Amino acid sequence: MPIACSLLIHALLSAGAVPPPEDSWWPSELPSRVATPLAESPDQHDARMAWWRESRFGLFIHWGLYAIPGGYWEGRRTGGAEWILNSVKIHPDDYMPLQQQFDPVDFDPMKWVMIAKNAGMKYIVITSKHHDGFCLWPSELTDFDVEGTPFGRDILGELAEACRNEGIVLCLYHSIMDWTQPDYLPRRAWDDRPADGADYQRYVAYMKGQLQELVDRYQPAVLWFDGEWEGTWTHEDGQAMYDFVRTIDPAVIVNNRVDTGRTGMAGLTRSGGYRGDFGTPEQEIPATGMPFGVDWETCMTMNRSWGYQSFDVAFKPTQELLRKLVDIASKGGNFLLNVGPDERGRFPEESIDRLAAIGDWMQVNNESIHGTFASCFTDLDWGRCTRRNLPDGNQRLYLHVFDSPASDVIRLPGILNDPVERGAYLLATPGAGPLAVERAGADLVIRLPEGMSPGIDTVLVLDIEGPAIVVEAPSIDVTEPIFLESATLNFSAVSDDVEIRYTLDGTTPELGSANGGIGPIEIRRSATVMARCFFEGSPVGSVATAALRRVEPLRAVQTLTSRPGLRWTTHLGAFETVADFADIKPATEGVATSIDLSMQPRPENFAVRFTGFLEAPQTGVYRFSLDSDDGSRLKIGDVVVVDNDGLHSALEKSGVIALEKGLHPFRLDYFEGTGQDDLILKWSGPNFELQPIPAEALKR
Ligand code: H79
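Here is a short report on the structure shown in this document. (Residues numbered from 1 in each chain as written. Predicted model: local features only at pLDDT ≥ 70, side-chain atom pairs only at ≥ 80, totals over all residues. Heavy atoms only, no water.)

1. Remarks on the site of the ligand
Item 1. Looking at the ligand, there are 16 residues lining it, with His62, Glu82, His130, Asp226 and Glu282 nearest.
Item 2. Within the side chain of Trp83, an N or O atom sits 3.0 Å from an oxygen atom of the ligand.
Item 3. Within the contact set of the ligand, an oxygen atom lies 3.3 Å away from a side-chain nitrogen or oxygen of Tyr173. (Near = heavy atom within 4 Å. Polar contact = N/O pair within 3.5 Å; in protein donor to acceptor, adjacent residues only side chain to side chain.)

2. A word on unusual backbone geometry
Item 1. Leu185 connects to Pro186 through a cis peptide bond whose omega is 0°.
Item 2. The linkage connecting Asp629 with the following residue, Asp630, adopts the cis geometry, with an omega of 10°.
Item 3. Within the secondary structure, Asp630 sits in the loop between strand S28 (620–629) and strand S29 (632–636).
Item 4. Despite not being glycine, Arg56 has its phi angle at roughly 65°, a positive value.
Item 5. For Arg56, the location among the structural elements is in the loop between helix H1 (42–55) and strand S1 (57–61).
Item 6. Here Arg56 falls in the buried class, since its relative accessible area comes to 5%.
Item 7. A positive phi angle, close to 70°, is found at Asn687, a residue other than glycine. (Helix = DSSP H or I, 4+ residues; strand = E, 2+ residues; numbered from the N terminus. Buried < 20%, exposed > 50% of the residue type's maximum accessible area, 1.4 Å probe, protein only.)

3. With respect to the packing of aromatic side chains
Item 1. Taken as a whole, this structure holds 30 aromatic pairs when the rule is applied.
Item 2. With centroids separated by 5.1 Å and ring planes inclined at 80°, the aromatic side chains of Tyr184 and Tyr203 adopt a geometry described as edge-to-face. Here Tyr203 lies in helix H6 (residues 200–218) and Tyr184 lies in the loop between strand S5 (169–175) and H6, a separation of 19 residues in the sequence.
Item 3. We classify Tyr184 as buried; its relative accessible area is 2%.
Item 4. Ring pairing ties together the aromatic residues Trp63, Phe102, Phe107, Trp112, Phe134, Phe144, Phe151 and Phe347, which thus form one cluster.
Item 5. The ring of Phe244 carries the charged tip of Lys208 above its face, separated from the ring centre by 5.7 Å. (Phe/Tyr/Trp six-rings, centres within 6.5 Å; stacked < 30°, edge-to-face > 60°. Lys NZ or Arg CZ within 6 Å of the ring centre and 35° of its normal.)

4. Remarks on the environment of Asp342
Item 1. Its place among the elements puts Asp342 in the loop between strand S9 (334–339) and helix H9 (349–365).
Item 2. In the structure, Asp342 is positioned 287 residues away from Asp629 in sequence and 37 Å away in space, judged by C-alpha atoms.
Item 3. Filtering out sequence-adjacent residues up to four positions away, Asp342 remains in contact with Trp63, Ala67 and Tyr308. (Contact = heavy atoms within 4.5 Å.)

5. Regarding the environment of Pro220
Item 1. Tracing the sequence through the fold places Pro220 in the loop between H6 and strand S6 (222–226).
Item 2. By relative accessible area, Pro220 is classed as buried at 1%.
Item 3. Along the primary structure Pro220 and Leu59 are separated by 161 residues, whereas in three dimensions their C-alpha atoms are 14 Å apart.
Item 4. Beyond its immediate sequence surroundings of up to four residues, Pro220 is in contact with Leu170, Cys171, Leu172, Leu214, Val215, Asp249 and Val252.

6. Some remarks on the sheet that holds strand S7 (residues 253–254)
Item 1. As summarised here, the arrangement of the 7 strands in space is S7-S6-S5-S4-S1-S9-S8, forming an open sheet in which the pairing is parallel. With partners counted over all chains shown, the strands left at the sheet margins are S7 and strand S8 (297–301), one partner each.
Item 2. Sheet topology places strand S4 (residues 123–129) next to S5; 6 bridges connect them, and they run parallel. From the neighbouring strand, Tyr123 faces S5, where its bridge partner is Val169.
Item 3. On the sheet, H9 packs against S1 and S9 and is oriented at approximately 150° with respect to S9. (Pairing = 2+ DSSP bridges. Axes fitted to C-alpha atoms, helices over the stretch in contact; angles between N-to-C directions.)

Rendered as structure tokens:
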């Protein structure tokens, strides 16, 4: 491990900058299609994901019959784009004839592929089938495909060939929701085709048959599912579909929308054994990135629409798009940027212009994107950082300067590694005079070239000795924020080269404050803990804080009788909060020995209330984790322990409470609007980890 020396001025004499590694088009080979077991080792998983992680930047293409209306219906601007069937409530009989008008005479797959390639994109994800059910390839399993159009050509086949020729990876978006396939359920409310004969499992078989065709003919490297949120598609269906496509192509990468574990538009996969190789934030970028090892890809439109709409001219400027790419790369994610070609097969001019401008930047700077991984800094006031490991064990930092710093230097806060001899340089001009790097305490300070104006993003390169060690706030490790008699605290920092000082009275720690680096601390009174790192006598990183509260346990109640199980009641109505059904008479009722939604019937627009007692096995602090779709609320005694109320998709919240050993009045309210429903309650407590509440603890 490199030990930082103080105030070291790096004399940057004649040490010329080494040339950056060439942008090898594919640093990792696509994995072979030789069968590997579904249960893969971490190494096998990394090998399967490698090309995708290194790519960082891809093109999304939304194209289908909806490009013909282009958002207009009956002379009106609807804004519906690819959702027009749903947003205008068009009957399939009125939508499906668009097939007879589909004749994109300007479709030129090589042109599309070159636009993507020149923008620095490594892969293309195109809609083999969107929610309208129309298929962009000649499918044996439906007539609602490109073969039945005046155009007649195999769009996916031609695009696949162009991709192959240019080294671009072809991937397919495939919708689970299907508004026109006769077996798909539920039907739209205005779709009066008889649903009696519809068979959802036959629809699932249809989908599998089509995916088999797609894998056999076009070898997509990613299958990008969507439209998984309607109640008909279950977790079991998702698991089975993931396993199916990985069995027919063990190398394929599958997004998390194949299963039901996606957390709304934030798109990440919640815990609980859901399938999917990467998370899919839609139109948003996670504020702080993700823990190392979590794969994710933000998909985003350039204007406001996925499918073509001539009147949507709200295109984001190139600078914004490019900085989003850099922001995403600095957080360890991929950027899937969308284009909606028109009914003739042309990309909008605005999209072409922006991709070309991004390409100009990438031509010079792609080394700072492709094959890099996330920043080692949580916040840089001048821009972003991406990183690469060098073969000699050192690490290369790419410093993306977005904004003109107030002075002519940029600061890397809290980095203990020393720079390698030759210092920093501009990625655009590696041969120009090196930039001076100075150590200022725990920071490195780089002098910018005189008169530099950053523009979209000026990239500096700095190689450091070994993997980055960056000191931020120390972590304060404590079991729970409330305690009964006493609590034990531990502090830790990323390096032994820093000291940790702490206070318990809410004042900012100073060099003379208590030393947190000498083992666990026991506290017996409520405290506001603050801790900070010091390097060679100076504070470094921000102050960590934790409020710890000493509490009395909630008294247990005495009941004369207690029988096993909770009582439940269901209530019918279109509720928007758990308070809405308080006065509504139960529709059905029963007794449950586990908390779940197995009661029948269980329609849409309903609510469930569980009441009874919870038996705490010991006096101590308990945590309850409540995951529901839609809203829910847990009350113990008079205390709302978890408030997860409101109309929302699957969302987990948790809360803590101290309980005396024995019985406590328990009430769990839940309601479901339409779509998916889910309710999961788990607890942890003295000497046991988070788990479902066992039947023995549920009484009435
Ligand atoms: O293909 C593009 C859009 O047509 C499609 N996804 C992108 C990639 C899309 N479909 N719907 N939406 C985008 C917005 C839908 C959001 C909701 Fe939901 C579906 C709200 C409730 C159900 C997703 C699942 C967000 C919360 C739960």
